[in-house]
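Chain and residue survey
As a plain string of letters, each chain reads:
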Amino acid sequence: MSNGLGTLLVGMGRAGHGLHLPVLRRLRADPGTSHLFAAGPVLAADPHRRPAAAPDLRPTTLAEAPRLLDPARTVVHLCTPPTERTAALETLGRLGYRRVLLEKPVAADSRGLDELLALRDRYGLDLAVVAQWLGSRLTDRLRALLARDAYGPLRTIHVVQRKPRFSRTLAGDGHPTAFDVELPHSLGLCLALAGPGRVTGAGGTDMAVGGRVLPRLGTAWLNLQHDSGTWTRIRSDLTSPVRERRVTLELAHGTLIGHFPGSEADAYARLTVIDRDGESTELLHDDALGGFLEHTYRYYAADGGRRGPHPDLEVNAQVVRLLDRAKAIAARPLPGGALRTASAR
């Protein structure tokens, strides 16, 4: 592993410690991918807590990290909340880091996105965004079926994202609304499948739990009209008792129903195809985050970012701007003072 890239995890909450670190450990131990990583432990820094040390994990600070690993040969996983992203990226740029992998969402709003892009230009950063749905095997299959054009033009996309998220929301993890939790994944997917578009409607509800009301953190929905003529409807419920990540593509002569893995506990997706000949289902091994990180380290190892912006950065920037628009629409009261709820159509 001596010729590979080092790793610095910044932010050791749910994303950094619970998602990125286990996948990195698996990739670093796999003979097929271990050469992508430098020898020695992963560095971990968190402004709010001191990470626990382990044989393959060394706690550090942003000030100390450059003395432990050369910034020019290090990939940073920036897993701080979106509201803290700009300050952390400014510090990383000044310290000489260039390869930075941003946890979703890229930013909390368009202003934050503009600040990140300005820092990218100032320090010559090569930014990539954690968008594992764009690199999942299920998404690849959906793209392939659309490219074959066997079922006619794509008419509608429906996405349902449901999961219980009470404890993390009560603890406060820097996500200001339900739009910032699951929708960055699904909206990016819809843009990748159907092209750019505009928000035509949006709304949401609060989360009420334990005698507390958490504004705009219960449900979120948006409707999107694509320039291609396709329209999208996304519904996310963070108060659901069950987990589901489902996308339904309705085409002129068939329907594609995909279920992404519900959590990191399982790595299988399911695709169902319904057409005039009947219905067929297949299971796909879909370690989306593992595949995404492997692809990203190969990308960073290739030539250090001399190819221009990461190919998915523009889609993820569109996601932030569209979600910003959706949140603005959702915040407006309807005539008569009613709220725009998740049941609106």
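Let me begin by describing the structure that accompanies this report. All values reported here derive from a predicted model rather than from experimental measurement. (Residues numbered from 1 in each chain as written. Predicted model: local features only at pLDDT ≥ 70, side-chain atom pairs only at ≥ 80, totals over all residues. Heavy atoms only, no water.)

A look at the packing of aromatic side chains
Counted only if it meets this: Each aromatic pair joins two rings of Phe, Tyr and Trp (for Trp, the six-membered one) with centres within 6.5 Å, and gets the label stacked for planes under 30 degrees apart, edge-to-face for over 60, and tilted for any other angle. We count a stretch as a helix when DSSP gives it H or I for four or more residues in a row; a strand needs E for two or more, and each element gets its number in order from the N terminus. Partly exposed describes any residue whose relative accessible area lies between the buried limit of under 20% and the exposed limit of over 50%, with all areas from a 1.4 Å probe on protein chains only and scaled to the type maximum.
Applying the stated criterion across every chain yields a total of three aromatic pairs. When the ring of Phe37 is compared with that of Tyr297, the centres are 4.6 Å apart and the planes differ by 45 degrees; the resulting orientation is tilted. Taken together, the residues span a long stretch of sequence, with Phe37 in the loop between α1 (14-29) and β2 (42-45) and Tyr297 in helix α8 (residues 288-303) at a distance of 260 residues. On the basis of relative accessible area, Phe37 is assigned to the buried category, the value being 0%. Seen from their ring centres, Trp133 and Phe260 are 4.0 Å apart, and the 5 degrees between their planes marks the pair as stacked. Remark: Phe260 occurs in the loop between β12 (254-259) and β13 (268-275) and Trp133 occurs in the loop between β6 (126-129) and α5 (137-148); sequence separation between them is 127 residues. The residues Trp133 and Phe260 share a single accessibility class, namely buried.

So, the sheet that holds strand β9 (residues 212-226)
Short version of the rule: When DSSP locates at least two bridges between a pair of strands, those strands are taken to pair. Angular values range over 0 to 180 degrees, each being the angle between N-to-C directions of two axes fitted as lines to C-alpha atoms, with helices fitted over their stretch in contact.
Strands sit in the order β8-β9-β10-β7-β11-β12-β13-β14 across an open sheet of eight strands; the sheet is mixed. Edge positions in the open sheet fall to β8 (197-209) and β14 (278-285), since each of these has one partner strand only. Each strand axis lies, on average, 15 degrees off the axis of its neighbour in the sheet, ignoring direction. Direction of pairing for β13 relative to β14: antiparallel, over a ladder of eight bridges. Bridge pairing in β14 places Ile274 opposite Glu279.

A few points about the environment of His20
Put simply, the rule is: By definition in these notes, contact holds between two residues if any of their heavy atoms fall within 4.5 Å. Between N or O atoms, a polar contact is any pair within 3.5 Å; within protein, one atom must be a potential hydrogen donor and the other a potential acceptor, and residues adjacent in sequence are included only when both atoms are from side chains.
Turning to its location among the elements, His20 is positioned in helix α1. Counting along the chain gives 57 residues from His20 to His77, while the straight-line C-alpha distance between them is 8.1 Å. Beyond its immediate sequence surroundings of up to four residues, His20 is in contact with Leu9, Ala15, His77, Cys79, Leu101, Glu103, Val130, Leu289 and Leu293. A polar side-chain atom of His20 sits 2.9 Å from a polar atom in the side chain of His77.

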